[in-house]
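Single-letter residue listing:
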Amino acid sequence: MTDSKYFTTTKKGEIFELKAELNSDKKEKKKEAVKKVIASMTVGKDVSALFPDVVNCMQTDNLELKKLVYLYLMNYAKSQPDMAIMAVNTFVKDCEDLNPLIRALAVRTMGCIRVDKITEYLCEPLRKCLKDEDPYVRKTAAVCVAKLHDINAQLVEDQGFLDTLKDLISDSNPMVVANAVAALSEIAESHPNSNLLDLNPQTINKLLTALNECTEWGQIFILDCLASYLPRDDRESQSICERVTPRLSHANSAVVLSAVKVLMKFMEMLPKDLDYYGTLLKKLAPPLVTLLSAEPELQYVALRNINLIVQKRPEILKHEMKVFFVKYNDPIYVKLEKLDIMIRLASQANIAQVLAELKEYATEVDVDFVRKAVRAIGRCAIKVEQSAERCVSTLLDLIQTKVNYVVQEAIVVIKDIFRKYPNKYESVIATLCENLDSLDEPEARAAMIWIVGEYAERIDNADELLESFLEGFHDESTQVQLQLLTAIVKLFLKKPTETQELVQQVLSLATQDSDNPDLRDRGYIYWRLLSTDPVAAKEVVLAEKPLISEETDLIEPTLLEELICHIGTLASVYHKPPSAFVEGSRGVQHKRLPPRAGSGESTESPDVGQSGPSEAPPAVIPSQGDLLGDLLNLDLAPPTATVPSVQPSMQMGAMDLLGGGLDSLVCSSPAMGAGLGAAPAAMPASLGSAPAVGGGLGDLFDLGGGVGMPTGSYVAPKTVWLLAMKAKGLEISGTFARRGGIIQMDLSLTNKAMSVMTDFAIQFNRNSFGLAPAGPLQVLTPLSPNQTIDVSLPLSTSGPVMKMEPLNNLQVAVKNNIDVFYFSCQYPLSLLFVEDGKMDRQVFLATWKDIPNDNEAQFQIKDIHLNSDVASNKLQGSNIFTIAKRTVEGQDMLYQSVKLTNGIWVLAEMRIQTGNPNYTWMCWRRPHVRECVSQNDSPVIS
């Protein structure tokens, strides 16, 4: 009989019975009782009352019974820590048992019991197991070190377990090597700046040797470790690739993808004219194609990874178009992904084949797939110019089918084709107009209206067509209303005498009869333009439009590089960096591909040590979008989650946030640092906008009038962000602070109305650094008239990211029982300087070398009467760290590093001349952000 019988009992009072059976003298009866306990625990019953009785069963030679008892202990030790100590002696004894399985089981279980009182007893048995003669025990102990480090990192370091773990990389058994690598990698993830995995050619050689004999999981651990290594030159890179290439033929798809990741990284260092480079490209295609013959779920994961690979290196799969053709029995998620890759691989050589396939797909029964196929035809036309005419012809054939959703999708993509190739395919407009009555989807109606407005002079009855849309103006979606308003204004500017009544009608509907602020504002702008300066209106509305890009959905290059480094992980499936979806206190390391073969580097650098690995370059933030729309769509319900602990080492993705704003970080007044003790000049509060918080760099030297924190970090005085007259009596003042590594927004809410205010909630718009409330706005009592309440709101940097202008602009929505109010304020970027921003000296040198000299920006900081040591200490209070100091010709030169919450590093050099109150501060930044420096009036690096 199977063990399922233990899950079927429904007897009452069974705890008492189990207790009696657990204390039985008969071994079989005792084992049966423990199985019943485990079964009850598995289905969710509380059997913690039996803890002492189960622990007594540990003293046995029966391996099965011992496993069951250990399983019970792992589950209940945390809730019964005092009782769990009873088991320690048995654990210690089992760690010296003659049977290696029991030794490994004991050390594994002790590592899984997350009780502080037990961890100190674990050290000695673990030390013995790490040097055990049996490899199975050693590999289990290696993983146990990682578990113990998670519970008590300091204990692991003090006991020297990390050094023992490093020694295991040289172990004779490949599985021990793999587990040691896995454990060190896990520990290194929680300590990004530590150099635990000290990879060098000798270590790499040992890992590659172990690679051939490991289990598949061991191979994955080793390959992932290899992917983090930076070869010295192209010869070493080629050597590693040659030894990794056999993994491409492995039966396990995870091993294949890990091998692909290593090869994609190291290919960057190979010259393209090298014969081996072409050979490697050919070898990469077959394993990727083979992955597509697996189950649909694996196919999808493979396709998401292939999508990244073809964006980086389309030549790998350029001859494999046919494998991406859709099969009739493919699930929809596989079909859509294949379709996307087909478009990416489309070229002049294969476009006829692709178009024939897409035309077939457009006759399928799956509506979503058909829509995507029709859109794909349009994307082909935009990508491959020689195929545009054939694509338009195919779309016209599809329109003739009169299938409603096909027609509508075709019209949407034809609009894009008109944008890409103006004045080339307008002969099809007559065919489009014939299908006007069948359009019922907002996007299709808006596209058709755009076409009519854009080519109104070529359509005889354009006014009649647009007037037909106008009849149901208030029933249309906002998208259609806005497009209709613009189209009729275009028509009026082209045919003013015939359409004057029509334009007046639409302007009246948009401005007087509409509740939509976007529509109303656009209507007023057009009305004033037309009534004051028709010539200017013509230049604005009928201006030549930029051509749309060939590939609008390509992943941004620096993000693509990071995702290539994460092939085979969730990041490659989500197409998002790990920091976007991994929560918790562990720092997320941002990876990048090695420098391309033949790229040079700057040699000028401070004399601070030998070169080391350089930091990853930041990626670019998405551009600013419809900000008002974003704020209006915010859900202002109070968050239900508790306030998480915000770790200073949290990184929010490799975003380039230095350009166009870091310079104005503390630049809230033109009179910066006017002298010792002088407060920065205040900026006038403008409508709906607050002045920037914080003064100049002088503030960081405590020269402003703000409140100093115990840590030395500067906090600006509160300023009014929202005037009572603009918020129905609610006045909001505030400032920002960084306390103990946690960013906080200090608010003062004042009620200047006659009624009580309650139900406060707050939300932020998307912003440059992902600032978001880490919990609800805690206004615990109603805000009575003429009352002021001070609130401190903890912030996290885990919100959505979008580049703002200026960079440190923050748009806020506050709700109460009266209404929702909007305002914007500016936070000091020193708020985002994290506590672990002191860069290692070797890394500093390597990074300094990596940044070209023309990225230098130089600033003057005036009237600072401090010597270099005092200035360095003051700046350290705001997390600006001095890495090295040297004196040249009586001038002190401080080399400093700053790290932002998103992992961006800023390197700076401060020059202080004895007796001169003016400092010179030079900052080096990445090449693609230096252009933004000139956007600031009084640039200061802080």
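Note that the structure is predicted; figures quoted are calculated from it, not measured.

Student: Sorry, what's going on with helix α4 (residues 63-76) here?
Tutor: One full turn of an α-helix is made of 3.6 residues, so residues set three or four places apart face in the same direction. Here α4 is 14 residues long and its end C-alpha atoms lie 20 Å apart, about the 20 Å a rise of 1.5 Å per residue gives. Inspection of α4 places L65, K66, L68, V69, Y70, Y72, L73 and Y76 among the buried residues, and these make up the whole buried set. Against the buried residues of α4 lie α2 (27-42), α3 (51-56), α6 (88-94) and α7 (100-112).

Student: In this structure, what is going on with the side chain of R738? I would like to understand it.
Tutor: Tracing the chain through its elements places R738 in strand β7 (residues 730-739). For R738, a relative accessible area of 6% corresponds to the buried category. Within the local environment of R738, its side chain forms a polar contact with the backbone oxygen of L831, the two atoms lying 2.9 Å apart.

Student: Looking at this structure, I do not really get the confidence of the model for the protein chain. What am I missing?
Tutor: Note: predicted coordinates in regions of low pLDDT should not be interpreted at a detailed level. Per-residue confidence for the protein chain averages 78 on the pLDDT scale, and 80% of its residues sit at or above 70. Here residues 600-711 scores under 50 on pLDDT; set against residues more than four positions off or in separate chains, the count is 315 contacts. Residue range residues 925-942 is modelled with pLDDT below 50. Its contacts to residues more than four positions away, or to other chains, number 64 contacts.

Student: Explain unusual backbone geometry to me, please; I cannot follow it from the model alone.
Tutor: Across the junction of E805 and P806, the peptide omega takes the value -5°, indicating a cis bond. Structurally, P806 is set in the loop between β11 (788-796) and β12 (809-815). Even without being a glycine, N786 presents a positive backbone phi close to 65°. Within the secondary structure, N786 is located in the loop between β10 (772-773) and β11.

Student: Mind showing me how you'd approach the packing of helix α9 (residues 135-151) against helix α11 (residues 161-168) here?
Tutor: In contact at an axis separation of 11 Å, α9 and α11 are set at 140° when each is read in the N-to-C sense. Between α9 and α11, the interaxial angle falls into the category oblique. Helix-helix and strand crossings are classified by hand; for α9 and α11 the assignment is left-handed. For the pair formed by α9 and α11, the contact residues are R138, A142, V145 and L148 on the first element and F161, L165 and L168 on the second. The class makeup of the residues in the contact of α9 with α11 is six nonpolar, no polar and one charged.

Student: I would appreciate a short explanation of the pattern of salt bridges in the present structure.
Tutor: Side chains that differ in charge, positive against negative, can pair when their charged atoms come close. Going through the model one piece at a time under the given rule, you end up with 32 salt bridges. Between R304 and E337 there is a salt bridge, with its nearest N and O atoms 3.3 Å apart. With a gap of 33 residues between them, R304 in helix α18 (residues 296-312) and E337 in helix α19 (residues 332-345) connect regions that are remote in the sequence. Of the two residues, R304 and E337, neither departs from the other in class, the shared state being buried. Close ionic contact of R371 with E409 constitutes a salt bridge, the shortest N to O distance being 2.8 Å.

Student: Please explain the packing of helix α22 (residues 388-400) against helix α23 (residues 404-420) as it appears in this structure.
Tutor: When two helices pack together, their arrangement is captured by the angle between the axes and the distance separating the axes. With their axes 9 Å apart at the nearest point, α22 and α23 run at an angle of 155° to one another. By the angle class used here, α22 and α23 are roughly antiparallel. Judged by the twist between their axes, the crossing of α22 over α23 is left-handed. Residues V392, L395, L398 and I399 of α22 form the contact with α23, whose own contacting residues are V406, V407, A410, V413, I414 and I417. The class makeup of the residues in the contact of α22 with α23 is ten nonpolar, no polar and no charged.

Student: In this structure, what is going on with the pairing of strand β16 (residues 891-899)? I would like to understand it.
Tutor: Summarising burial for β16: eight of the nine residues are buried, a large majority. Here strand β15 (residues 881-888) folds back onto β16, and the loop between the two strands holds two residues, one of which, E889, carries a positive phi near 55°. Across nine bridges, the pairing between β16 and strand β17 (residues 905-913) is antiparallel. Among the inter-strand pairings, S897 is bridged to a residue of β17, identified as L907. Taking the residues between adjacent antiparallel strands as the criterion, β16 and β17 are bridged by five residues, where G903 takes a positive phi near 90°.

Student: What is the right way to read the packing of aromatic side chains from this model?
Tutor: Working definition: an aromatic ring pair is given by the centre-to-centre distance plus the angle between the planes. A full pass over the atoms with the stated rule returns ten aromatic pairs. Measuring from centroid to centroid gives 4.8 Å for Y574 and F581, while their planes differ by 90°, and the two rings are edge-to-face. On the basis of an interplanar angle of 25° and a centroid distance of 6.0 Å, the ring pair of W721 and F823 is categorised as stacked. Taken together, the positions of W721 in strand β6 (residues 719-722) and F823 in strand β13 (residues 820-826) put the pair 102 residues apart, joining distant regions of the chain. Sitting above the plane of the F369 ring, K335 keeps its charged end 5.2 Å from the centroid.

Student: Please clarify how the nonpolar core should be interpreted in this entry.
Tutor: Of all hydrophobic cores here, the largest spans 209 residues; its most connected members are Y72, L73, L126, L358 and F418. For Y72, the residues in contact, after removing those within four places along its chain, are V37, I38, M41, V47, S48, L50, F51 and V54.

Student: Just checking my understanding: could you explain the environment of Q811 for this structure?
Tutor: Topologically, Q811 is positioned in strand β12. The class of Q811 is buried, set by a relative accessible area of 15%. Along the backbone, Q811 and F823 are twelve residues apart, and their C-alpha atoms lie at a distance of 6.0 Å. A distance of 2.7 Å separates a polar atom in the side chain of Q811 from a polar atom in the side chain of N765.

Student: Looking at this structure, how should I read the pairing of β11?
Tutor: Within a regular beta strand, the side chains point alternately toward one face of the sheet and then the other, so they alternate between its two faces. The pairing of strand β8 (residues 742-751) with β11 spans eight bridges and is antiparallel. Residue pairing for β11: Q744 is matched across the bridge by P794. Where β10 meets β11, two bridges bridge the pair, whose relative direction is antiparallel. Each bridged residue has a counterpart across the sheet, and for A772 the counterpart in β11 is S796.

Student: Looking at this structure, I do not really get α11. What am I missing?
Tutor: Buried within α11 we find F161, L162, T164, L165 and L168. Mapping the buried residues of α11 onto a view down its axis gives an arc of 160°, with all of them on the same face. On its buried face, α11 is in contact with α8 (116-130), α9, α10 (153-158) and α12 (174-190).

Student: Mind showing me how you'd approach the side chain of E731 here?
Tutor: As for its placement among the helices and strands, E731 is situated in strand β7. Setting aside chain neighbours within four positions, we find E731 in contact with V720, L722, A724, S748, L749, T750 and K752.

Rules used in this analysis
- Residues numbered from 1 in each chain as written.
- Predicted model: local features only at pLDDT ≥ 70, side-chain atom pairs only at ≥ 80, totals over all residues.
- Heavy atoms only, no water.
- Helix = DSSP H or I, 4+ residues; strand = E, 2+ residues; numbered from the N terminus.
- Expected span 1.5 Å × (residues − 1).
- Buried < 20%, exposed > 50% of the residue type's maximum accessible area, 1.4 Å probe, protein only.
- Contact = heavy atoms within 4.5 Å.
- Polar contact = N/O pair within 3.5 Å; in protein donor to acceptor, adjacent residues only side chain to side chain.
- pLDDT = per-residue confidence, 0-100.
- Axes fitted to C-alpha atoms, helices over the stretch in contact; angles between N-to-C directions.
- Parallel < 35°, antiparallel > 145°, perpendicular 65-115°, else oblique.
- Left-handed = near helix turned anticlockwise from the far one by under 90°.
- Nonpolar A, V, L, I, M, F, W, Y, C, P; charged D, E, K, R; others polar.
- Salt bridge = Lys/Arg side-chain N within 4 Å of Asp/Glu carboxyl O.
- Pairing = 2+ DSSP bridges.
- Phe/Tyr/Trp six-rings, centres within 6.5 Å; stacked < 30°, edge-to-face > 60°.
- Lys NZ or Arg CZ within 6 Å of the ring centre and 35° of its normal.
- Core = buried A, V, L, I, M, F, W, Y, C linked by side-chain atoms within 4.5 Å.
- Arc of directions from axis to C-beta.

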